[in-house]
Amino acid sequence: MQSKIFILFLLVYANYFAQNEINLSLKSEIGFTQISIGEVMESNFHLLPIQNLSLVVDVNLYNNIFFQFRPGFIISKNNYEGFELGGYIGYKILNTKLHSQVGINYHFNSSVDGNSGGSGQTIALVGFGVGYQISKTFSIDISYHHPIKKKYGSFGYPDFHQRHNIERIIELGFGIRIN
């Protein structure tokens, strides 16, 4: 339901966005995600390296305010990978090269391992971050994402059943403008 509302939001404002300056960038993010395996949250915490590649559609809305639409793909271990779709509102801080952003990212898990596994699970993550525009072409940022729904899979084994939860994601992103 949340992803349908998000897509509707994008369609409603598409005409408005078309009248503003639009920039395209490729963004690569590396980072770590913390997951818990099992029913007890304190047990079996794991830090997993992740790699994310996104196309960033950056729309200047008003003065220092911008909107970013980010379709992408994330690769990780422990059955957490798949397409992502994010929307962020950002603010260029006092006409400097610094900016902040806040938004929501939808992860569509496509991992196929496990019997009632992660495939088909949709996870909404709220996030915020700060970035720096190194030059007209290159940027760097750091972001933190926290899931609204933590479960991304549940896996049955002969002797027991295991639940996999995403706890948080921290990423370092590198952007390169392509237009």
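Further remarks concern the pairing of strand S4 (residues 82-92). Looking at chain direction, strand S3 (residues 65-75) and S4 are connected through ten bridges and run antiparallel. Bridging from a neighbouring strand, Phe66 pairs with Gly90 of S4. Summarising the sheet, S4 and strand S5 (residues 98-109) pair through eleven bridges and their orientation is antiparallel. Across the sheet, residue Phe83 finds its bridge partner in S5, namely Phe108.

So, on to unusual backbone geometry. Peptide bonds are mostly trans, and most non-glycine residues show a negative phi. Positive phi, close to 45°, is recorded for Asn63, a residue that is not glycine. Inspection of the secondary structure assignment puts Asn63 in the loop between strand S2 (45-62) and S3.

A full pass over the atoms with the stated rule returns two aromatic pairs. Measuring from centroid to centroid gives 5.7 Å for Phe128 and Tyr144, while their planes differ by 45°, and the two rings are tilted. Here Phe128 is found in strand S6 (residues 122-133), whereas its partner Tyr144 is found in strand S7 (residues 138-147), with 16 residues between them in sequence. In this structure, Arg70 packs its charged tip against the face of Tyr88, placed 3.9 Å from the ring centre.

Enumeration according to the criterion identifies one cavity of 30 Å³ or more in this entry. Considered as a void within the structure, the largest cavity measures approximately 120 Å³ in volume. Looking at the largest cavity, it is lined by 15 residues, and the ones nearest its centre are Glu29, Asn52, Glu84, Asn105 and Glu171. Among the secondary structure elements, those contributing two or more residues to the lining of the largest cavity are strand S1 (22-37), S2, S3, S4 and strand S9 (161-177). For the lining of the largest cavity, the element with the highest residue contribution is S3, accounting for four residues. Taken together, the residues of the lining of the largest cavity sort by class into five nonpolar, five polar and five charged.

Counting ten residues, the largest nonpolar core consists of Ile35, Leu48, Ile50, Ile74, Tyr80, Ile123, Leu125, Tyr152, Ile166 and Ile169. For this core, the secondary structure elements donating two or more residues are S2, S6 and S9. Dropping the residues within four chain positions of it, Leu125 is found in contact with Tyr80, Gly103, Ile104, Asn105, His107, His145, His146, Pro147, Ile148 and Ile169.

Within the secondary structure layout, Gly131 lies in strand S6. Relative accessible area serves as the criterion here: at 6%, Gly131 is assigned to the buried category. Sequence-wise, Gly131 and Ser143 are twelve residues apart; in three dimensions their C-alpha atoms are separated by 8.5 Å.

Per-residue confidence for the protein chain gives a mean pLDDT of 81; residues scoring 70 or more make up 72%. When mean pLDDT is taken per element in the protein chain, S7 scores highest with 95 and helix H2 (residues 14-18) scores lowest with 54.

To continue, consider the layout of surface pockets. Roughly 480 Å³ of volume is contained in the largest pocket. Taken together, 27 residues make up the lining of the largest pocket; nearest its centre are Asp58, Gln68, Lys92, Gln133 and Ser139. Of all elements in the fold, only S1, S2, S3, S5, S7 and S9 reach the threshold of two or more residues within the lining of the largest pocket. For the lining of the largest pocket, the leading source of residues is S9, giving four residues. When grouped by side-chain class, the residues that make up the lining of the largest pocket number six nonpolar, twelve polar and nine charged.

The rules behind these values
Residues numbered from 1 in each chain as written. Predicted model: local features only at pLDDT ≥ 70, side-chain atom pairs only at ≥ 80, totals over all residues. Heavy atoms only, no water. Pairing = 2+ DSSP bridges. Helix = DSSP H or I, 4+ residues; strand = E, 2+ residues; numbered from the N terminus. Phe/Tyr/Trp six-rings, centres within 6.5 Å; stacked < 30°, edge-to-face > 60°. Lys NZ or Arg CZ within 6 Å of the ring centre and 35° of its normal. 1 Å grid on protein atoms, 1.4 Å probe; cavity = no way out; pocket = protein on both sides within 12 Å on 5 of 7 lines; lining within 4 Å. Points joined across faces, edges and corners; volume = space filled by probe spheres on them. Nonpolar A, V, L, I, M, F, W, Y, C, P; charged D, E, K, R; others polar. Core = buried A, V, L, I, M, F, W, Y, C linked by side-chain atoms within 4.5 Å. Buried < 20%, exposed > 50% of the residue type's maximum accessible area, 1.4 Å probe, protein only. Contact = heavy atoms within 4.5 Å. pLDDT = per-residue confidence, 0-100.

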